[in-house]
Amino acid sequence: MTVSADLAMVNLDSSDPAGHAAFYHEALGWEITHSQAEYAMISSGGVSIGFGLVEGYQPPSWPDPTGAKRYHLDLYVDDLAAAEKKLVAAGASKPEFQPGGEGWVVLLDPIGQPFCICPRPQS
């Protein structure tokens with residue numbers, strides 16, 4: 001049996017929902033559609049990412065093959081170096097361990113969750 005469904009939203013745990021949404025608003029250019037201390041949301045094209053407050057939230061360690069990663073976003077960008085510079089200025093940090101070589105860059109968002117920026121595929 002196959003269910004036909006469309007992704008409407010992804011909800012992510014956060015220690016700072018409003019700040020988390022503001023960071024990904026800068027990273028993706030999506031509209032902030034809700035922002036409170038307990039919950040925030042960004043949206044684009046009918047899809048949303050929500051950020052819900054979790055008291056005592058602890059980000060995963062990077063790298064830590066035994067640790068539990070809660071999620072991992074890959075973002076396509078046109079220029080890796082320029083995107084890295086802008087995202088770091090917006091609050092991301094770049095960990096020392098970089099397994100992607102020239103293929104991608106691992107960054108940590110402002111609450112410590114890893115994500116990658118990857119070159120946009122050429123069509």
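Above this text is the structure in question.
On a predicted model such as this, the values are computed, not experimentally measured, just so you know.

The rules behind each value
- Residues numbered from 1 in each chain as written.
- Predicted model: local features only at pLDDT ≥ 70, side-chain atom pairs only at ≥ 80, totals over all residues.
- Heavy atoms only, no water.
- Helix = DSSP H or I, 4+ residues; strand = E, 2+ residues; numbered from the N terminus.
- Rg over C-alpha atoms; globule rule 2.2 N^0.38 Å.
- Expected span 1.5 Å × (residues − 1).
- Buried < 20%, exposed > 50% of the residue type's maximum accessible area, 1.4 Å probe, protein only.
- Arc of directions from axis to C-beta.
- Pairing = 2+ DSSP bridges.
- Axes fitted to C-alpha atoms, helices over the stretch in contact; angles between N-to-C directions.
- Contact = heavy atoms within 4.5 Å.

Draft legend 1. Expanded view of the overall build of the protein chain. The secondary structure content of the protein chain amounts to two helices and seven strands. Listed N to C, the secondary structure of the protein chain is β-α-β-β-β-β-α-β-β in terms of helices and strands. Over its C-alpha atoms the protein chain spans a radius of gyration of 15 Å, differing by no more than 12% from the 14 Å that the globule rule assigns to 123 residues. Considered along the principal axes of its C-alpha atoms, the protein chain spans approximately 40 × 35 × 35 Å.

Draft legend 2. Region of the structure containing helix α1 (residues 17-28). With twelve residues, α1 should reach 16 Å at 1.5 Å per residue; the first-to-last C-alpha distance of 16 Å fits that figure. Taken residue by residue, α1 has Pro17, His20, Ala21, Phe23 and Tyr24 as its buried positions. When α1 is viewed along its axis, its buried side chains cluster within an angular range of 160° and face the same direction. Looking at the residues trailing α1, positive phi occurs at Gly29, about 80°.

Draft legend 3. Highlighting the sheet that holds strand β7 (residues 114-119). In spatial order, the strands read β5-β7-β6; together these three strands make up an open sheet with mixed pairing. Each end of this open sheet is capped by a strand with a single partner; those strands are β5 (73-77) and β6 (105-108). The mean inter-strand angle of the sheet, taken between neighbouring strand axes irrespective of direction, is 30°. Here β5 pairs with β7 via five bridges, running parallel. Among the inter-strand pairings, Leu75 is bridged to a residue of β7, identified as Ile117. Relative to the sheet, helix α2 (residues 80-89) contacts β5, β6 and β7, its axis offset from that of β7 by approximately 150°.

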